[in-house]
Structures are given as C-alpha cells and as structure tokens.
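# Architecture at a glance
Residues per chain are reported as follows:
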Amino acid sequence: MRVSEQTRSEEAPRRAGLAKLAFERAGARTIVRSALAHSPLRLLTPRNHGHAAWAYTSSFGGGLVDGDHLTLDVAVAAGATALVASQGANRVYRSPRGCRTDVVARVEEGALLAWVPDPTVCFAGARYAQTLDLRLAPGASLVLADVLTSGRSARGERWAFSRFESTVRVSVAGRPLVDERWLLDPRHGGLLERLGRFEAMASVLLVGPALADARASLSAQLSALPVTSRAGLVSSLSPLGGDGVLLRAAAVSLEALSHTTHEWLSFLPGLLGDDPWARRI
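First, a word on what this report is: a plain description of the structure on this page. (Residues numbered from 1 in each chain as written. Predicted model: local features only at pLDDT ≥ 70, side-chain atom pairs only at ≥ 80, totals over all residues. Heavy atoms only, no water.)

## Some points on the pattern of salt bridges
Per the counting criterion, the structure on display carries 13 salt bridges. Note that aspartate 133 is salt-bridged to arginine 135, the shortest N-O span being 2.8 Å. For aspartate 133, a relative accessible area of 16% gives the class buried. Here arginine 135 falls in the partly exposed class, since its relative accessible area comes to 38%. For arginine 169, the salt bridge goes to aspartate 179, with nearest N and O atoms at 3.9 Å. In this pair, arginine 169 sits in strand S13 (residues 163-172) while aspartate 179 sits in strand S14 (residues 175-184), placing the two residues ten residues apart along the sequence. Several salt bridges share partner residues, and in doing so they unite Arg163, Glu165, Arg181, Asp185 and Arg187 into one network. (Salt bridge = Lys/Arg side-chain N within 4 Å of Asp/Glu carboxyl O. Buried < 20%, exposed > 50% of the residue type's maximum accessible area, 1.4 Å probe, protein only. Helix = DSSP H or I, 4+ residues; strand = E, 2+ residues; numbered from the N terminus.)

This is the structure we're talking about:
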C-alpha cells in the first residue's frame, strides 16, 4: 500500500526547539552569561575583538522542516551590548502543517541589542510564521533587520511558498512603538504577480539613544534620493516619533538589497567594537 505525501507529513515528528540567551556587562566588556539550546536549535558564541558579545543561531538539518516550532528568549542586562545573528540563511522547507519561530527579547536600561539574522528563504510549499516581541526599558537601544527573499529563484521557485507571516512588536517602557504584521498568502492574490520584478524585501528598525546619530544621517540620506522609474531598488523611511525610524526596501536582487542594508548598518561595527560582516562579505 502506497503512503501519500500528506500522510507521511502528518506522521512526521514535530520538533520543538527552545533556546535562552542572557548577556551582561562585566567591566568594559559584555559577556554571555548563559546560552542554553535544545535541538534542533543551536547557539554559537564566538569571541570577537570588540566590547560587545556575539551569539549566532543555527538549526540541525540546515533549516526548518514541517512542524518545527522554535522559541528563543533573549535578555540583555543594563549597560550591555549584544549582537544576535544567524550562522546562515533561515531556510524553510516545504511544510504543509507549517513551522514557526517565536522570539522574545528584553533589553534593559542603557543596553543595546542588534538583531541582524541572515535572510529568510522560503522554499516552494513552505508555510512559515515568525513573531518578534522586543521589550525595551527606558534608555535601551535596538537595531533590527528582517530580510525576506523570493525563494530559490534559480530553481524556478520565485514567491512559490504557501504562506509567510511576520509579526513585529516593539515596546519602550511598556508603551507600544511598533506593532505590525506582514502576511503574504497566495489566496489573497498570486504572489508572483503582486511582487513582480522584486526578489527580496527588507525592514530595518533603529530605536533608542545610541542610534540617534545614525537615524539623523539615514533620514538625510534617504530624503535626498531621487524618485526613479523602474529603479532596481526602492526604499522608504518612516519616523517613529522621537524614538526611532523604520526603513524599508525592495530590490530586484538579493545582492543589491544586502549591499543597501549593510550600508544602512555601516555604523554598527563602531557600536560593537568589531565588524560582524568582515569575514563574510
């Protein structure tokens, strides 16, 4: 008797990965106080030459499979500076039941968290949801980058996933600053037709006093850009009161988008004391 693909998917075990990260100030440097991860999640905490502490996430198997549910809890103590990135792209395989990632981060007074993972790549038939819940104390700062690609374009899988949902919530001293949800679902209209020539999209969020100069510089830079028909990259900037800015971009290639987001975040090595991209570009 032949077992259908759907039956095999329903019988496949679900993987629930939980990880906890805690950073604290130790003299002039920040250290990783604790790093605990359960499969399929892994945490890497390499040394660097700066005063900030770095942590990279990865998953066994090279990506998320049907039924995966990853949960990450991050705590950045007062005065600490932390970078959380990923070891590679967040690959999401075909997943009829869906898979998801939930992140909660608490950033205390005078601390800085840079959340800058590699892009999310949803394969054909993938169903993926992510929630980023970032809670900042007064005087805390946040850098967030969230990049989504069209999928495996070289294999003809442009915007061929089944569903993508992203929720971002940022609060400062308990007051909501950002609360938004992206939903890309073919049932609301073909994704290929709606997204057209664009291959990747990004959101970059800068919040808090440590990023005041960067926000002012980027605001001046983007406001001076000319509007060009059929541009290879389009971008926008939205002020968030006096606390932050939200930048968005869409590009006809991931390379162009990555170049732009790295330019936007060119101030980050100065804040960390070392360059997290120096050995990756």
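## Thoughts on the sheet that holds S13
Pairing is mixed across the open sheet formed by seven strands, whose spatial order is S2-S1-S5-S8-S11-S13-S14. The strands lining the two open edges of the sheet, one partner per strand, are strand S2 (29-37) and S14. With strand direction ignored, the average angle separating the axes of adjacent strands in the sheet is 10 degrees. (Pairing = 2+ DSSP bridges. Axes fitted to C-alpha atoms, helices over the stretch in contact; angles between N-to-C directions.)

## So, the packing of aromatic side chains
Throughout the structure, instances matching the rule amount to four aromatic pairs. Considering the side-chain rings of tyrosine 93 and phenylalanine 123, the 4.9 Å spacing of their centres and the 80 degrees angle between planes classify their relative orientation as edge-to-face. Placement of the pair is tyrosine 93 in the loop between strand S7 (90-92) and strand S8 (99-107) and phenylalanine 123 in the loop between strand S10 (120-122) and strand S11 (127-136), with a sequence separation of 30 residues. Taking relative accessible area as the criterion, tyrosine 93 reaches 27% and is therefore assigned partly exposed. Look at tyrosine 128 and phenylalanine 164: their rings are 6.3 Å apart centre to centre, the planes differ by 35 degrees, and that puts the pair in the tilted class. Taken together, the residues span a long stretch of sequence, with tyrosine 128 in strand S11 and phenylalanine 164 in strand S13 at a distance of 36 residues. For the pair tyrosine 128 and phenylalanine 164, a shared accessibility class is recorded, and that class is buried. Each residue in the set Tyr128, Trp159, Phe161 and Phe164 is aromatic and connected to the rest through ring pairs, giving one cluster. Lying over the aromatic face of phenylalanine 60, arginine 42 brings its terminal NZ or CZ to 4.9 Å of the ring centre. (Phe/Tyr/Trp six-rings, centres within 6.5 Å; stacked < 30°, edge-to-face > 60°. Lys NZ or Arg CZ within 6 Å of the ring centre and 35° of its normal.)

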